[in-house]
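Descriptive structure summary
These are the residues of each chain, in order.
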2 protein chains.
Amino acid sequence: MRVTIRDVAKRSGVSVSTASLALNNKPKVSPETREKVLRAAQELNYHVHHTARNLAVGMTYQIGLFTPVSLEHTFSSSDFFTKLIQGIYNAAQDKGYSLMLFVADEAADVAAQVDRWIRSRSVDGFLITHPSFQMPYLDVLRTNAIPFVFVGRPPETGHTSPISYVDNDNVQVARKATEHLLELGHRRILFINGPARFTYAQDRLQGYQDALQQYDVSLDPGLVKAAELTFVDAHHVTEQTLEEQDFTAIVVLNAMQALGSIQALAKHGLSVPQDISIVASNSALTAYIHPPLTTVDIFPYQLGFQAVQLLQRQIVEDAIDHAIVPCQLIPRSSTVALH
Amino acid sequence: MRVTIRDVAKRSGVSVSTASLALNNKPKVSPETREKVLRAAQELNYHVHHTARNLAVGMTYQIGLFTPVSLEHTFSSSDFFTKLIQGIYNAAQDKGYSLMLFVADEAADVAAQVDRWIRSRSVDGFLITHPSFQMPYLDVLRTNAIPFVFVGRPPETGHTSPISYVDNDNVQVARKATEHLLELGHRRILFINGPARFTYAQDRLQGYQDALQQYDVSLDPGLVKAAELTFVDAHHVTEQTLEEQDFTAIVVLNAMQALGSIQALAKHGLSVPQDISIVASNSALTAYIHPPLTTVDIFPYQLGFQAVQLLQRQIVEDAIDHAIVPCQLIPRSSTVALH
DNA sequence: CTGAAAGCGCTTACAG
DNA sequence: CTGAAAGCGCTTACAG
């Protein structure tokens, strides 16, 4: 038999309303009464019935975690997503929210689905990863005035109103990577960026340029390449550039790209770091790769944690804001000074 | 203003109860009435309030997706998890369930948390990935008699009662991989298995043995190795075995291991498939690797889909059962006949 | 086939 | 500080 607040009230000899007040730590209840109620609850192993409470207060205490998984490449080769979710989950728990998972399938009519979720009052707000994804649901979100925050800087598409988001400091990611190589004496640095459709690629290019400028090195467009975050793409781009350009160092985005590059170099008799230095970001596989990669670490856990905080602020006080998570250079053996 | 079933009833000129009956497609309502109600609902853009309905029917229509993310290695190098979730999500949608995400943190007192979730009536049942994880919550699940199914065969720890689960046909995975190499004429096949603590490793070893036996090849214990699903571990094991044993082919578990092995071989002047053939399973990175790997594909999407079906059967009719998803050999250029 | 009523388990004004 | 009552939005016996 389920134990209800009724049982708790009865056992502690107070009314249901008083029991509720005590259980919810409301101010206007005497210490002794509260004590009595709490003890009774404990003895009966009482736990509030979420559904009932939610109905009464008109909230769901659920956050919709909305993920376009179809973009699997982006995540599959790293623990980015795992860490991100961990951060989201912990922050949500702290604030009394649960996470409802929504997987966006490109095929489905995402906008209509989002509309249904909102109208069926399933969530208090949304956390949306990867805003560079097509966003047909954006209008629905807005007309329903439901809180949401993006993980990743949304592209500028002439939004009328501002959007809450969290993101890595992608400018710094590329800047630190590049600066590190410049400090080691490298001047011709191949920059393998992500696809232009992602905002982080724009930001990282900026960081690369900033670093060069700081060291008075002029940018050679032939050293800036775009590639998907895959082994083959990096392999291909590296090999191709090898034929056209001289360079002594490479900045790549992630470990998969690093692996692809390293193998392309090996194929041409070049080894890392003896002949070419490499720095990557996103440390996922770093420990499992040979040689251990110098990386600019990003912090997806923090990203997730802060995303929830922003969302909660939007839910309770309607605040729109954004947060940028800093990054950190971790030197390892894949980079070496140029003689 | 929220539109409720009251509004629908009013607009269609029937009582609230009739409206409810019609909306839920209950049999005892005349076609004309149903039609009227449905039209009104449509016109008003009515959607049932989930929380209210759930409270009334005493269910949550939520499935708890319970994942020990701490085991990141296992998933990080593949799209296994992504596909799995996709399958789970789609099946859940089909059956009217939403997914509530629970991330198990080793540090936290998981059992106590599970207890809270159950008592607060947050879910109708659990889907639990990776049962080889420590399972201190198992007792809680059982004493509360809440439905749950494992993704992956749970280890035999003297359970009194049977447990529902889905799993890949891991015996066949290893068997097909090995048979393929045997057919190509290979006889000395290095088998790099996963860590012994996982049930799939037991199953796969079985498959390897079965295949050898079928071809009357006696098992050489020196060719059976355990490694984590990582680049370095596979690299290390491969290199080590190279010094002790002769072999012409390797069976590895996933693409990360394949990469590690390939690099170890390269270091010793051996290339794939000219000198050594390799077959992997779990096709995640296959397309991004050079050379393209012969794999035994597994189907995590199906795994997820079927897990939900089993759970739902357990919820509605208390049925305990299990399902095994078949696998499939995909020959590519990393394997070649022995001359 | 349809309607009035009770109830799911909680919270929150409103009196006292 | 405490209690009786109404209400959150739905569903489901129970009569008719």
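Residues numbered from 1 in each chain as written. Chains lettered and ligands numbered in written order. Predicted model: local features only at pLDDT ≥ 70, side-chain atom pairs only at ≥ 80, totals over all residues. Heavy atoms only, no water.

1. Thoughts on the overall build of chain A
The helix and strand inventory of chain A stands at 13 helices and twelve strands. Radius of gyration (C-alpha) of chain A: 26 Å, far over the 20 Å computed for a compact globule of 339 residues. Taken over 339 residues, chain A has a buried fraction of 55%. Counting only contacts in chain A whose residues sit at least 6 apart along the sequence, the fraction spanning at least 24 positions is 70%. On chain A, roughly 14,400 Å² of surface is accessible, and the fraction owed to carbon and sulfur atoms is 50%. Side-chain charges of chain A comprise 27 positive and 33 negative groups, with the mean position of each set lying 14 Å from the other. (Helix = DSSP H or I, 4+ residues; strand = E, 2+ residues; numbered from the N terminus. Rg over C-alpha atoms; globule rule 2.2 N^0.38 Å. Buried < 20%, exposed > 50% of the residue type's maximum accessible area, 1.4 Å probe, protein only. Contact = heavy atoms within 4.5 Å. Areas by Shrake-Rupley, 256 points an atom, 1.4 Å probe, with all protein chains shown as cover. Lys, Arg positive; Asp, Glu negative; His and termini not counted. Charge placed at Lys NZ, Arg CZ, Asp CG, Glu CD.)

2. Points about the nonpolar core
Phe 126 of chain A together with Phe 126 of chain B are the most contacted members of the largest nonpolar core, which totals 170 residues. Of all the elements, helix α6 (residues 80-94) of chain A adds the most residues to this core, at eight residues. The residues touching Phe 126 of chain B, leaving out its near neighbours within four places in the chain, are Gly 64, Phe 66, Phe 102, Val 114, Trp 117, Ile 118, Leu 141, Ile 146, Pro 147, Phe 148, Val 149 and Leu 311 of chain B. (Core = buried A, V, L, I, M, F, W, Y, C linked by side-chain atoms within 4.5 Å.)

3. With respect to the protein's contact with DNA strand C
Near DNA strand C there are 25 residues, and of these Ile 5, Ser 20 and Tyr 46 of chain A together with Ser 15 and Thr 33 of chain B occur at the shortest range. Sugar plus phosphate: this is where 67% of the atoms of DNA strand C within 4 Å of the protein reside. Here a phosphate oxygen of DNA strand C and a side-chain polar atom of Tyr 46 of chain A are 2.7 Å apart. Thr 33 of chain B is positioned such that a nitrogen or oxygen atom in its side chain is 2.5 Å from a phosphate oxygen of DNA strand C. Counting only elements with at least two residues in the surface near DNA strand C, the list comes to α2 (16-23) and α4 (50-57) of chain A together with α2 (16-23) and α4 (50-57) of chain B. Each residue belonging to the surface near DNA strand C can be placed in one class, and the counts come to twelve nonpolar, ten polar and three charged. (Near = heavy atom within 4 Å. Polar contact = N/O pair within 3.5 Å; in protein donor to acceptor, adjacent residues only side chain to side chain. Nonpolar A, V, L, I, M, F, W, Y, C, P; charged D, E, K, R; others polar.)

4. Some thoughts on the interface of chain B and chain A
Contacts between the two partners involve 52 residues from chain B and, on the opposite side, 52 residues from chain A. Applying the counting criterion to the chain B and chain A interface returns zero salt bridges. Put simply, the parts of the chain that give the side of chain B that touches chain A at least two residues each are α4, β1 (62-67), α5 (72-76), α6 (80-94), β2 (98-103), α7 (110-119), α11 (231-244) and α12 (255-267) of chain B. A breakdown of the residues in the side of chain B that touches chain A according to their chemical character gives 21 nonpolar, 23 polar and eight charged. Alignment of strand β2 (residues 98-103) of chain A against β2 of chain B, held across three bridges, turns out to be antiparallel. (Salt bridge = Lys/Arg side-chain N within 4 Å of Asp/Glu carboxyl O. Pairing = 2+ DSSP bridges.)

5. A word on the confidence of the model for chain A
All names here are of chain A. Averaged over chain A, the pLDDT score is 89; the fraction of residues at 70 or greater is 93%. Across chain A, the secondary-structure element scoring lowest on mean pLDDT is helix α5 (residues 72-76), at 48, and the one scoring highest is helix α9 (residues 170-183), at 98. Every residue in residues 73-77 scores below 50 in pLDDT, and together they form 17 contacts with partners more than four places removed in sequence or on other chains. (pLDDT = per-residue confidence, 0-100.)

6. A closer look at the protein's contact with DNA strand D
If you check the shell around DNA strand D, you find 25 residues, and the closest are Ser 15 and Thr 33 of chain A together with Ile 5, Ser 20 and Tyr 46 of chain B. Counting only atoms of DNA strand D within 4 Å of the protein, the sugar-phosphate share comes to 68%. With respect to DNA strand D, the side chain of Asn 24 of chain B contributes an N or O atom lying 3.0 Å from a phosphate oxygen. Here a base nitrogen of DNA strand D and a backbone polar atom of Ala 52 of chain B are 3.2 Å apart.

7. Let's talk about the side chain of Glu 239 of chain B
Relative to the assigned elements, Glu 239 of chain B resides in helix α11. When neighbours within four sequence positions are excluded, Glu 239 of chain B is seen to be in contact with Ala 264, Lys 267 and His 268 of chain B.

8. What to know about the relation of the copies chain B and chain A
Mapping chain B onto chain A leaves a residual RMSD of 0.1 Å; the transformation is a rotation of 180 degrees accompanied by 0.0 Å of translation along its axis. Accordingly, the operation relating the two chain copies is best matched by a two-fold axis. Both copies present the same face, since 100% of the interface residues in chain B are matched by interface residues at the equivalent positions in chain A. (Least-squares fit on C-alpha atoms with pLDDT ≥ 70 in both.)

9. Remarks on the sheet that holds strand β8 (residues 249-251) of chain B
Residues and elements named next belong to chain B. What the six strands build is an open sheet, ordered β7-β6-β8-β9-β10-β12; its pairing is mixed. Edge positions in the sheet fall to β7 (224-226) and β12 (328-330), since each has one partner strand and no second. This sheet shows a mean twist of 20 degrees between the axes of neighbouring strands, independent of strand direction. Judged from the three bridges that link them, β8 and strand β9 (residues 277-281) form a sheet pairing that is parallel. Note that in β9 the partner of Val 251 across the bridge is Val 279. Against the sheet, α11 makes contact with β6 (189-193), β7 and β8, and its axis sits at roughly 150 degrees relative to β7, the strand it touches most. (Axes fitted to C-alpha atoms, helices over the stretch in contact; angles between N-to-C directions.)

10. Some remarks on the pattern of salt bridges
Inspection of the entire model under this criterion finds 22 salt bridges over all chains. A salt bridge links Asp 210 of chain A to Arg 175 of chain A, with the shortest nitrogen-to-oxygen separation between them at 3.7 Å. Of the two residues, Asp 210 of chain A sits in helix α10 (residues 199-214) while Arg 175 of chain A sits in helix α9, which places them 35 residues apart along the sequence. Measuring nitrogen to oxygen at the nearest pair gives 3.9 Å for the salt bridge that ties Glu 35 of chain B to Arg 39 of chain B. Highlighted residues: Glu 35 of chain B and Arg 39 of chain B, both in helix α3 (residues 31-44), separated by four residues, approximately one helical turn.

11. As for the packing of α2 of chain B against α3 of chain B
Residues and elements named next belong to chain B. Their axes nearest at 9 Å, the elements α2 and α3 cross at an angle of 90 degrees. For the element pair α2 / α3, the angle class is roughly perpendicular. For the pair α2 and α3, contact is made by Thr 18, Ala 19, Leu 21, Ala 22 and Leu 23 and by Thr 33, Arg 34, Val 37, Leu 38 and Ala 41, respectively. Grouping the amino acids of the contact of α2 with α3 by side-chain chemistry returns seven nonpolar, two polar and one charged. (Parallel < 35°, antiparallel > 145°, perpendicular 65-115°, else oblique.)

12. So, helix α13 (residues 300-317) of chain A
Residue and element names in this part refer to chain A. With 18 residues, α13 should cover 26 Å at 1.5 Å per step; its first-to-last C-alpha distance of 25 Å lies within 8% of that length. For α13, every residue scored as buried is listed here: Pro 300, Leu 303, Gly 304, Ala 307, Val 308, Leu 310, Leu 311 and Gln 314. Buried positions in α13, seen along its axis, are confined to an arc of 165 degrees and lie on one side of it. More than 90 degrees from the buried face of α13, the exposed residues found are Val 316 and Glu 317. Where α13 is buried, its residues meet β1 (62-67), α6, β3 (125-129), β4 (148-151), β5 (164-168) and β11 (322-325). (Expected span 1.5 Å × (residues − 1). Arc of directions from axis to C-beta.)

13. Considering the side chain of Gln 257 of chain B
Residue and element names in this part refer to chain B. Looking at the secondary structure, you find Gln 257 in helix α12. Taking the relative accessible area as the measure of exposure, Gln 257 reaches 0% and is therefore buried. Within the local environment of Gln 257, its side chain forms a polar contact with the backbone oxygen of Glu 228, the two atoms lying 2.9 Å apart. Once you skip the residues sitting within four places of it in the chain, Gln 257 turns out to touch Ile 192, Asn 193, Ala 227, Glu 228, Leu 229, Thr 230, Ala 234 and Val 252.

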